[in-house]
Amino acid sequence: MSDEAPLQTRAVTLAYDGNVVASDLTVAIPAGGFTAIVGPNACGKSTLLRALVRMLKPRAGSVLLDGGEISSLPTKQVARRVGLLPQSSTAPDGITVEELVARGRHPYQRLLRQWSREDEQAVRDALRQTAVEDLAQRLVDELSGGQRQRVWLAMALAQSTPLLLLDEPTTFLDVAHQMEVLDLCAQLHRDGRTLVAVLHDLNHACRYATHLIAMRDGAVVAEGDPAEIVTAELVSEVFGLDCLVVPCPASGAPMIVPAARPQEAARRQAPARAPAPLRRSS
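Everything numeric in this text was worked out from a predicted model, so none of it was measured.

K.L.:
Before we go on, may I ask you to explain the sheet that holds strand 8 (residues 194-198) in this structure?
P.N.:
Paired through backbone hydrogen bonds, the strands of a sheet run either parallel or antiparallel to each other. Taken in spatial order, the six strands line up as 6-7-8-3-9-10 in an open sheet, and their pairing is mixed. Of all the strands in the sheet, the pair left with one neighbour each is strand 6 (82-85) and strand 10 (219-224). Across the sheet, the mean angle from the axis of one strand to that of its neighbour is 15 degrees, orientation sign disregarded. The strands that helix 9 (residues 232-239) touches are strand 3 (34-38), strand 9 (211-216) and strand 10; relative to strand 9, the one it contacts most, it runs at about 40 degrees.

Below, the structure is given as C-alpha coordinates:
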(Lines give C-alpha, C1' and ligand atoms only; values in the text may rest on other atoms or scores of the structure.)
Protein backbone atom coordinates (compact mmCIF):
# COMPACT_ATOMS: atom_id res chain seq x y z
CA MET A 1 0.00 0.00 0.00
CA SER A 2 1.46 3.34 -1.07
CA ASP A 3 1.42 6.24 1.37
CA GLU A 4 1.54 8.52 -1.69
CA ALA A 5 -1.92 7.42 -2.88
CA PRO A 6 -4.27 10.39 -2.36
CA LEU A 7 -7.22 8.07 -1.71
CA GLN A 8 -7.06 4.59 -0.23
CA THR A 9 -8.82 2.02 1.91
CA ARG A 10 -7.23 -0.09 4.60
CA ALA A 11 -8.90 -3.38 5.50
CA VAL A 12 -12.42 -1.98 5.22
CA THR A 13 -15.62 -3.93 5.74
CA LEU A 14 -18.51 -2.48 3.76
CA ALA A 15 -22.12 -3.37 4.49
CA TYR A 16 -25.71 -2.26 4.01
CA ASP A 17 -27.63 -3.00 7.21
CA GLY A 18 -26.81 -6.65 7.91
CA ASN A 19 -25.58 -7.47 4.41
CA VAL A 20 -21.77 -7.44 4.20
CA VAL A 21 -20.65 -6.58 0.66
CA ALA A 22 -16.87 -6.60 1.17
CA SER A 23 -14.48 -7.56 3.96
CA ASP A 24 -10.83 -6.66 4.56
CA LEU A 25 -10.76 -4.62 1.33
CA THR A 26 -7.54 -2.68 0.73
CA VAL A 27 -7.00 -0.56 -2.39
CA ALA A 28 -4.92 2.46 -3.34
CA ILE A 29 -5.81 5.02 -6.02
CA PRO A 30 -2.62 6.07 -7.86
CA ALA A 31 -2.03 9.82 -7.92
CA GLY A 32 -2.51 11.23 -11.41
CA GLY A 33 -3.94 7.98 -12.78
CA PHE A 34 -7.19 7.01 -14.46
CA THR A 35 -8.41 4.05 -12.40
CA ALA A 36 -11.26 1.85 -13.62
CA ILE A 37 -13.08 -0.48 -11.22
CA VAL A 38 -14.55 -3.47 -13.07
CA GLY A 39 -16.32 -6.69 -12.21
CA PRO A 40 -19.66 -8.50 -12.54
CA ASN A 41 -22.93 -7.10 -11.22
CA ALA A 42 -23.24 -6.93 -7.42
CA CYS A 43 -19.50 -7.52 -6.84
CA GLY A 44 -19.06 -4.34 -4.76
CA LYS A 45 -17.78 -1.84 -7.36
CA SER A 46 -20.21 1.00 -6.64
CA THR A 47 -20.13 0.19 -2.91
CA LEU A 48 -16.37 0.74 -2.91
CA LEU A 49 -16.81 4.03 -4.77
CA ARG A 50 -19.41 5.19 -2.23
CA ALA A 51 -16.96 4.46 0.58
CA LEU A 52 -14.17 6.36 -1.19
CA VAL A 53 -16.33 9.48 -1.42
CA ARG A 54 -17.68 9.17 2.17
CA MET A 55 -21.24 8.29 1.16
CA LEU A 56 -20.93 4.95 2.99
CA LYS A 57 -19.18 4.59 6.33
CA PRO A 58 -17.17 1.37 6.67
CA ARG A 59 -18.20 -1.02 9.40
CA ALA A 60 -14.47 -1.60 10.04
CA GLY A 61 -11.19 -0.32 8.65
CA SER A 62 -10.25 3.11 7.31
CA VAL A 63 -10.68 5.27 4.22
CA LEU A 64 -7.85 7.79 3.93
CA LEU A 65 -7.83 11.03 1.96
CA ASP A 66 -4.37 12.59 1.71
CA GLY A 67 -3.32 10.43 4.63
CA GLY A 68 -6.14 11.54 6.95
CA GLU A 69 -9.20 9.55 8.01
CA ILE A 70 -11.88 10.83 5.62
CA SER A 71 -14.70 10.48 8.15
CA SER A 72 -12.99 12.94 10.50
CA LEU A 73 -12.43 15.66 7.89
CA PRO A 74 -14.79 18.66 7.52
CA THR A 75 -17.40 18.16 4.80
CA LYS A 76 -16.33 21.18 2.76
CA GLN A 77 -12.69 20.14 2.93
CA VAL A 78 -13.60 16.77 1.42
CA ALA A 79 -15.80 18.45 -1.19
CA ARG A 80 -12.88 20.63 -2.29
CA ARG A 81 -10.70 17.54 -2.80
CA VAL A 82 -13.11 14.92 -4.19
CA GLY A 83 -15.85 15.38 -6.80
CA LEU A 84 -18.48 12.76 -7.65
CA LEU A 85 -20.56 12.00 -10.73
CA PRO A 86 -23.20 9.61 -9.33
CA GLN A 87 -24.79 6.80 -11.29
CA SER A 88 -28.14 8.53 -11.57
CA SER A 89 -28.99 12.15 -10.82
CA THR A 90 -32.21 14.14 -10.80
CA ALA A 91 -32.19 17.89 -11.37
CA PRO A 92 -34.77 20.15 -9.69
CA ASP A 93 -37.66 21.15 -11.95
CA GLY A 94 -37.14 24.35 -13.90
CA ILE A 95 -33.38 24.62 -13.35
CA THR A 96 -31.16 25.73 -16.21
CA VAL A 97 -27.86 24.15 -17.18
CA GLU A 98 -25.88 27.13 -15.93
CA GLU A 99 -27.71 27.14 -12.59
CA LEU A 100 -27.07 23.43 -12.08
CA VAL A 101 -23.38 23.70 -12.94
CA ALA A 102 -23.05 26.66 -10.56
CA ARG A 103 -24.11 24.38 -7.70
CA GLY A 104 -20.69 22.77 -8.01
CA ARG A 105 -19.26 25.88 -6.37
CA HIS A 106 -21.17 25.33 -3.11
CA PRO A 107 -18.10 24.01 -1.21
CA TYR A 108 -16.43 27.41 -1.70
CA GLN A 109 -19.29 29.55 -0.39
CA ARG A 110 -18.98 30.97 3.10
CA LEU A 111 -20.78 33.57 5.17
CA LEU A 112 -18.23 36.23 4.25
CA ARG A 113 -17.46 34.91 0.78
CA GLN A 114 -20.36 34.59 -1.59
CA TRP A 115 -20.29 34.37 -5.41
CA SER A 116 -16.97 35.60 -6.84
CA ARG A 117 -15.16 36.05 -10.13
CA GLU A 118 -13.33 32.81 -9.38
CA ASP A 119 -16.66 30.99 -9.12
CA GLU A 120 -17.86 32.57 -12.36
CA GLN A 121 -14.69 31.49 -14.18
CA ALA A 122 -14.91 27.94 -12.82
CA VAL A 123 -18.46 27.60 -14.16
CA ARG A 124 -17.46 29.00 -17.56
CA ASP A 125 -14.49 26.63 -17.76
CA ALA A 126 -16.65 23.63 -16.83
CA LEU A 127 -19.25 24.51 -19.48
CA ARG A 128 -16.50 24.89 -22.07
CA GLN A 129 -14.67 21.67 -21.16
CA THR A 130 -17.84 19.61 -21.50
CA ALA A 131 -19.00 21.44 -24.67
CA VAL A 132 -22.32 22.56 -23.20
CA GLU A 133 -21.78 26.34 -23.42
CA ASP A 134 -24.56 26.63 -26.01
CA LEU A 135 -26.95 24.86 -23.61
CA ALA A 136 -26.31 27.21 -20.66
CA GLN A 137 -29.80 28.74 -20.66
CA ARG A 138 -31.65 25.53 -21.55
CA LEU A 139 -33.67 23.65 -18.94
CA VAL A 140 -31.90 20.47 -17.85
CA ASP A 141 -35.05 18.35 -18.19
CA GLU A 142 -35.30 19.30 -21.88
CA LEU A 143 -31.93 17.75 -22.76
CA SER A 144 -31.08 14.37 -24.24
CA GLY A 145 -29.43 11.68 -22.10
CA GLY A 146 -25.98 12.40 -23.50
CA GLN A 147 -26.36 16.14 -22.98
CA ARG A 148 -27.56 15.68 -19.40
CA GLN A 149 -24.59 13.45 -18.59
CA ARG A 150 -22.19 16.12 -19.86
CA VAL A 151 -24.02 18.75 -17.78
CA TRP A 152 -23.72 16.68 -14.59
CA LEU A 153 -20.04 16.18 -15.38
CA ALA A 154 -19.72 19.95 -15.82
CA MET A 155 -21.15 20.44 -12.33
CA ALA A 156 -18.55 18.03 -10.93
CA LEU A 157 -15.81 19.88 -12.82
CA ALA A 158 -16.99 23.25 -11.48
CA GLN A 159 -16.20 21.85 -8.04
CA SER A 160 -12.52 22.16 -9.07
CA THR A 161 -11.34 19.03 -7.29
CA PRO A 162 -8.09 17.21 -8.11
CA LEU A 163 -9.90 13.88 -7.59
CA LEU A 164 -12.97 12.98 -9.65
CA LEU A 165 -15.00 9.81 -9.05
CA LEU A 166 -17.56 8.58 -11.62
CA ASP A 167 -20.10 5.82 -10.99
CA GLU A 168 -20.94 4.12 -14.30
CA PRO A 169 -20.77 7.37 -16.32
CA THR A 170 -21.79 5.67 -19.60
CA THR A 171 -24.93 3.90 -18.35
CA PHE A 172 -28.00 4.41 -20.58
CA LEU A 173 -25.93 6.14 -23.28
CA ASP A 174 -25.64 4.93 -26.87
CA VAL A 175 -22.23 3.91 -28.13
CA ALA A 176 -21.40 7.30 -29.67
CA HIS A 177 -22.21 9.18 -26.44
CA GLN A 178 -20.32 6.57 -24.39
CA MET A 179 -17.17 7.30 -26.37
CA GLU A 180 -17.79 11.04 -26.11
CA VAL A 181 -17.98 10.90 -22.31
CA LEU A 182 -14.93 8.61 -22.01
CA ASP A 183 -12.91 10.79 -24.41
CA LEU A 184 -13.75 13.75 -22.17
CA CYS A 185 -12.63 11.79 -19.10
CA ALA A 186 -9.37 10.93 -20.85
CA GLN A 187 -8.79 14.60 -21.60
CA LEU A 188 -9.44 15.53 -17.95
CA HIS A 189 -6.89 12.90 -16.96
CA ARG A 190 -4.33 14.33 -19.39
CA ASP A 191 -5.01 17.77 -17.90
CA GLY A 192 -3.87 16.49 -14.51
CA ARG A 193 -6.90 15.15 -12.67
CA THR A 194 -6.90 11.82 -10.85
CA LEU A 195 -9.94 9.87 -12.05
CA VAL A 196 -11.71 6.81 -10.66
CA ALA A 197 -14.58 5.30 -12.67
CA VAL A 198 -16.80 2.27 -12.21
CA LEU A 199 -17.20 0.82 -15.71
CA HIS A 200 -19.27 -2.11 -16.98
CA ASP A 201 -17.51 -2.46 -20.32
CA LEU A 202 -14.16 -4.15 -19.85
CA ASN A 203 -12.96 -3.12 -23.31
CA HIS A 204 -13.64 0.54 -22.47
CA ALA A 205 -11.77 0.11 -19.18
CA CYS A 206 -8.74 -1.41 -20.93
CA ARG A 207 -8.70 1.31 -23.57
CA TYR A 208 -9.01 4.35 -21.32
CA ALA A 209 -7.71 3.42 -17.86
CA THR A 210 -4.09 3.50 -16.73
CA HIS A 211 -4.89 1.40 -13.65
CA LEU A 212 -7.44 -1.38 -13.26
CA ILE A 213 -9.07 -2.82 -10.14
CA ALA A 214 -10.85 -6.10 -10.97
CA MET A 215 -13.35 -7.24 -8.32
CA ARG A 216 -15.46 -10.31 -7.67
CA ASP A 217 -17.62 -11.12 -4.64
CA GLY A 218 -16.42 -8.07 -2.72
CA ALA A 219 -12.71 -8.82 -3.14
CA VAL A 220 -9.97 -7.49 -5.40
CA VAL A 221 -8.89 -10.27 -7.76
CA ALA A 222 -6.24 -8.26 -9.63
CA GLU A 223 -4.91 -4.71 -9.72
CA GLY A 224 -2.52 -2.92 -12.05
CA ASP A 225 -1.89 -1.71 -15.59
CA PRO A 226 -4.54 -3.24 -17.92
CA ALA A 227 -1.83 -4.24 -20.42
CA GLU A 228 -0.12 -6.28 -17.70
CA ILE A 229 -3.00 -7.94 -15.85
CA VAL A 230 -5.81 -8.50 -18.37
CA THR A 231 -5.61 -12.07 -19.64
CA ALA A 232 -8.13 -14.67 -20.76
CA GLU A 233 -7.59 -16.40 -17.41
CA LEU A 234 -8.42 -13.23 -15.47
CA VAL A 235 -11.56 -12.58 -17.52
CA SER A 236 -12.68 -16.15 -16.90
CA GLU A 237 -12.02 -15.86 -13.16
CA VAL A 238 -13.74 -12.50 -12.74
CA PHE A 239 -16.60 -12.69 -15.25
CA GLY A 240 -16.90 -16.42 -15.94
CA LEU A 241 -16.42 -15.73 -19.66
CA ASP A 242 -14.33 -17.78 -22.08
CA CYS A 243 -12.56 -15.36 -24.39
CA LEU A 244 -9.53 -14.35 -26.38
CA VAL A 245 -7.50 -11.29 -25.38
CA VAL A 246 -5.96 -9.60 -28.41
CA PRO A 247 -4.49 -6.15 -29.08
CA CYS A 248 -7.12 -3.58 -30.06
CA PRO A 249 -6.52 -2.57 -33.70
CA ALA A 250 -7.23 1.08 -32.88
CA SER A 251 -5.42 1.59 -29.55
CA GLY A 252 -3.23 -1.44 -28.92
CA ALA A 253 -4.91 -1.94 -25.54
CA PRO A 254 -6.08 -5.43 -24.52
CA MET A 255 -9.36 -6.26 -26.28
CA ILE A 256 -11.68 -9.01 -25.06
CA VAL A 257 -13.26 -11.16 -27.77
CA PRO A 258 -15.80 -13.68 -26.39
CA ALA A 259 -15.16 -17.26 -27.49
CA ALA A 260 -17.55 -18.71 -30.07
CA ARG A 261 -20.63 -20.39 -28.62
CA PRO A 262 -21.17 -24.06 -29.58
CA GLN A 263 -24.06 -23.21 -31.89
CA GLU A 264 -21.91 -20.59 -33.63
CA ALA A 265 -19.07 -23.05 -34.19
CA ALA A 266 -21.48 -25.70 -35.47
CA ARG A 267 -23.03 -23.23 -37.88
CA ARG A 268 -19.62 -22.28 -39.29
CA GLN A 269 -18.58 -25.93 -39.69
CA ALA A 270 -21.81 -27.11 -41.32
CA PRO A 271 -21.45 -27.78 -45.07
CA ALA A 272 -23.12 -25.23 -47.29
CA ARG A 273 -26.43 -26.41 -48.69
CA ALA A 274 -26.83 -26.58 -52.44
CA PRO A 275 -29.48 -24.22 -53.72
CA ALA A 276 -32.88 -25.81 -54.31
CA PRO A 277 -33.63 -26.50 -58.01
CA LEU A 278 -35.94 -24.10 -59.72
CA ARG A 279 -39.39 -25.38 -60.49
CA ARG A 280 -40.68 -24.86 -63.95
CA SER A 281 -44.31 -24.14 -64.42
CA SER A 282 -46.08 -26.54 -66.76
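K.L.:
Explanation requested: empty space enclosed by the protein in the structure shown.
P.N.:
Empty space among the atoms can be located by rolling a probe the size of a water molecule over them. Applying the stated criterion to the full structure yields one cavity of 30 Å³ or more. Counted as a void, the largest cavity has a volume near 40 Å³. Lining the largest cavity are Val38, Leu202, Leu212, Ala214, Val230, Leu234, Val235, Val238 and Phe239. Counting residues per element, the ones that place at least two in the lining of the largest cavity are strand 9 and helix 9. In terms of residues, the lining of the largest cavity owes the most to one element, helix 9, which gives four residues. Of the residues in the lining of the largest cavity, the class split is nine nonpolar, no polar and no charged.

K.L.:
Would you mind showing me how to read the pattern of salt bridges here?
P.N.:
It is possible for side chains bearing opposite charge to pair when their charged atoms get close. Using the criterion set out here, one finds six salt bridges in the structure. Notably, a salt bridge pairs Arg138 with Glu142, separated by 3.5 Å at the nearest N-O pair. Taking relative accessible area as the criterion, Arg138 reaches 32% and is therefore assigned partly exposed. In this structure, Glu180 and Arg150 form a salt bridge, with 2.8 Å as the shortest nitrogen-oxygen distance. Separated by 30 residues along the polypeptide, Glu180 in helix 6 (residues 175-190) and Arg150 in helix 5 (residues 145-158) bring together distant segments of the chain.

K.L.:
Please clarify how the nonpolar core should be interpreted in this entry.
P.N.:
Nonpolar side chains in soluble globular proteins tend to be buried together. Core analysis: the largest hydrophobic core is formed by 52 residues, its most contacted members being Val97, Leu100, Val101, Leu164, Leu166 and Leu212. Broken down by element, this core gets its largest block of residues, eight residues, from helix 5. When neighbours within four sequence positions are excluded, Leu166 is seen to be in contact with Leu49, Leu85, Leu153, Cys185, Leu195, Val196, Ala197 and Val198.

K.L.:
Help me understand unusual backbone geometry in this model?
P.N.:
Phi is mostly negative for residues that are not glycine, and the peptide bonds are mostly trans. The phi angle at Ala11 is positive, at roughly 50 degrees, despite the residue not being glycine. In this structure, Ala131 is a non-glycine residue whose phi angle is positive, near 60 degrees. For Ala131, a relative accessible area of 54% corresponds to the exposed category.

K.L.:
So what exactly am I meant to see when it comes to the side chain of Thr13 here?
P.N.:
Mapped onto the secondary structure, Thr13 falls in strand 1 (residues 7-16). If we skip the residues at most four places from it in the chain, Thr13 touches Val20, Ala22, Ser23, Asp24, Pro58, Arg59 and Ala60.

Analysis parameters
- Residues numbered from 1 in each chain as written.
- Predicted model: local features only at pLDDT ≥ 70, side-chain atom pairs only at ≥ 80, totals over all residues.
- Heavy atoms only, no water.
- Pairing = 2+ DSSP bridges.
- Helix = DSSP H or I, 4+ residues; strand = E, 2+ residues; numbered from the N terminus.
- Axes fitted to C-alpha atoms, helices over the stretch in contact; angles between N-to-C directions.
- Contact = heavy atoms within 4.5 Å.
- 1 Å grid on protein atoms, 1.4 Å probe; cavity = no way out; pocket = protein on both sides within 12 Å on 5 of 7 lines; lining within 4 Å.
- Points joined across faces, edges and corners; volume = space filled by probe spheres on them.
- Nonpolar A, V, L, I, M, F, W, Y, C, P; charged D, E, K, R; others polar.
- Salt bridge = Lys/Arg side-chain N within 4 Å of Asp/Glu carboxyl O.
- Buried < 20%, exposed > 50% of the residue type's maximum accessible area, 1.4 Å probe, protein only.
- Core = buried A, V, L, I, M, F, W, Y, C linked by side-chain atoms within 4.5 Å.

Treat this as a map of the structure, not an account of what it does.
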